[in-house]
Amino acid sequence: RCRVATTKNVTLSGDQPVDGVSDLFTGERILVKKQTNAAENGFYTYSSSGPWTRTADADTSEEMVSGTFTQIQEGQTHANEDWSLVTADPISLGVTALTFEKCSTLVLFAHRGDFPLLKNTFVGIADAGRETIIEKTLVFAACDPGQFYV
């Protein structure tokens, strides 16, 4: 999860509000998604006194793949939203323009053998405001009608 997501191009360093949240602390995770140079988009660790750095789990091309998903916790615009990376693979981090889209549906899949391609992975849907905890779930985000990302 990310605490906030950017709503405009930002300087990737120093203390600044993001999406109306001004009490950010060094070390918090931020989705940067509106850079003029879209190759700079991605997940960053906030620093109030120096450069922001890409998060350790998203700082290589192998880690940033199409369908990478996050939830935004706070913000005037993006609080409680889900976002997914929709740039096609392969991605060369720092070179490839990264595009994130807001997801409109969250689908939870769990153990069920009815579908050969999804053997042992398919079960039902959870919509906004209702959550069901199912053992061994995978989360899919539908950002485009009929298209799912793991």
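A brief structural summary. Because the structure is predicted, anything quoted here is derived from the model rather than measured. (Residues numbered from 1 in each chain as written. Predicted model: local features only at pLDDT ≥ 70, side-chain atom pairs only at ≥ 80, totals over all residues. Heavy atoms only, no water.)

## Thoughts on the pairing of strand β5 (residues 69–72)
Phase 1 of the analysis: Only one face of β5 is covered, namely the face carrying Thr 70 and Ile 72; the face carrying Phe 69 and Gln 71 is uncovered.
Phase 2 of the analysis: Sheet analysis places β5 next to strand β6 (residues 81–85), joined by four bridges and oriented antiparallel. Bridge pairing in β6 links Gln 71 to Asp 82. (Buried < 20%, exposed > 50% of the residue type's maximum accessible area, 1.4 Å probe, protein only. Helix = DSSP H or I, 4+ residues; strand = E, 2+ residues; numbered from the N terminus. Pairing = 2+ DSSP bridges.)

## Points about the nonpolar core
Phase 1 of the analysis: One finds Leu 31, Phe 43, Met 64, Ile 72, Leu 85, Leu 98 and Phe 100 to be the most contacted residues of the largest nonpolar core, which totals 13 residues.
Phase 2 of the analysis: Setting aside chain neighbours within four positions, we find Ile 72 in contact with Cys 2, Arg 3, Val 4, Ala 5, Leu 31, His 78, Ala 79, Asn 80, Glu 81 and Trp 83.
Phase 3 of the analysis: Counting 11 residues, the second largest nonpolar core, distinct from the first, contains Val 10, Leu 24, Ile 30 and Tyr 46. (Core = buried A, V, L, I, M, F, W, Y, C linked by side-chain atoms within 4.5 Å. Contact = heavy atoms within 4.5 Å.)

## As for the sheet that holds strand β2 (residues 29–32)
Phase 1 of the analysis: A sheet is described by the order of its strands in space; here four strands give the open sequence β1-β2-β3-β4, paired in mixed fashion. Among the strands making up the open sheet, the edge pair consists of β1 (4–5) and β4 (53–54).
Phase 2 of the analysis: Examined bridge by bridge, strand β3 (residues 42–45) and β4 share two bridges and lie antiparallel to one another. Bridge pairing in β4 places Tyr 44 opposite Arg 54.

## Things to note about the pattern of salt bridges
Oppositely charged side chains can form a pair if their charged atoms are brought close together.
Phase 1 of the analysis: Going through the model one piece at a time under the given rule, you end up with five salt bridges.
Phase 2 of the analysis: Across the pair Glu 28 and Arg 3 runs a salt bridge, and its minimum N-O distance is 2.8 Å. Of the two residues, Glu 28 is situated in the loop between β1 and β2 and Arg 3 in the segment before β1; the sequence distance between them amounts to 25 residues.
Phase 3 of the analysis: Relative accessible area serves as the criterion here: at 18%, Glu 28 is assigned to the buried category.
Phase 4 of the analysis: Arg 3 sits in the buried class, given a relative accessible area of 9%.
Phase 5 of the analysis: Several salt bridges share partner residues, and in doing so they unite Arg 3, Asp 23, Glu 28 and Glu 74 into one network. (Salt bridge = Lys/Arg side-chain N within 4 Å of Asp/Glu carboxyl O.)

## Concerning the packing of aromatic side chains
The geometry of an aromatic ring pair comes down to the distance between the two centres and the angle between the two planes.
Phase 1 of the analysis: Following the criterion strictly, the structure yields two aromatic pairs and no others.
Phase 2 of the analysis: Taking 5.7 Å as the distance between ring centres and 80 degrees as the angle between the ring planes, the aromatic pair formed by Phe 43 and Phe 100 counts as edge-to-face. A residue pair is termed long-range when its members are at least 10 positions apart, and Phe 43 in strand β3 and Phe 100 in strand β7 (residues 100–103) qualify at 57 residues.
Phase 3 of the analysis: Since its relative accessible area comes to 7%, Phe 100 is described here as buried.
Phase 4 of the analysis: Geometrically, the ring pair formed by Tyr 46 and Trp 52 is tilted, given 5.3 Å between the ring centres and 50 degrees between the ring planes.
Phase 5 of the analysis: The exposure class assigned to Trp 52 is buried, which follows from its relative accessible area of 4%.
Phase 6 of the analysis: The ring of Phe 43 carries Arg 29 above its face, with NZ or CZ at 4.8 Å from the centroid. (Phe/Tyr/Trp six-rings, centres within 6.5 Å; stacked < 30°, edge-to-face > 60°. Lys NZ or Arg CZ within 6 Å of the ring centre and 35° of its normal.)

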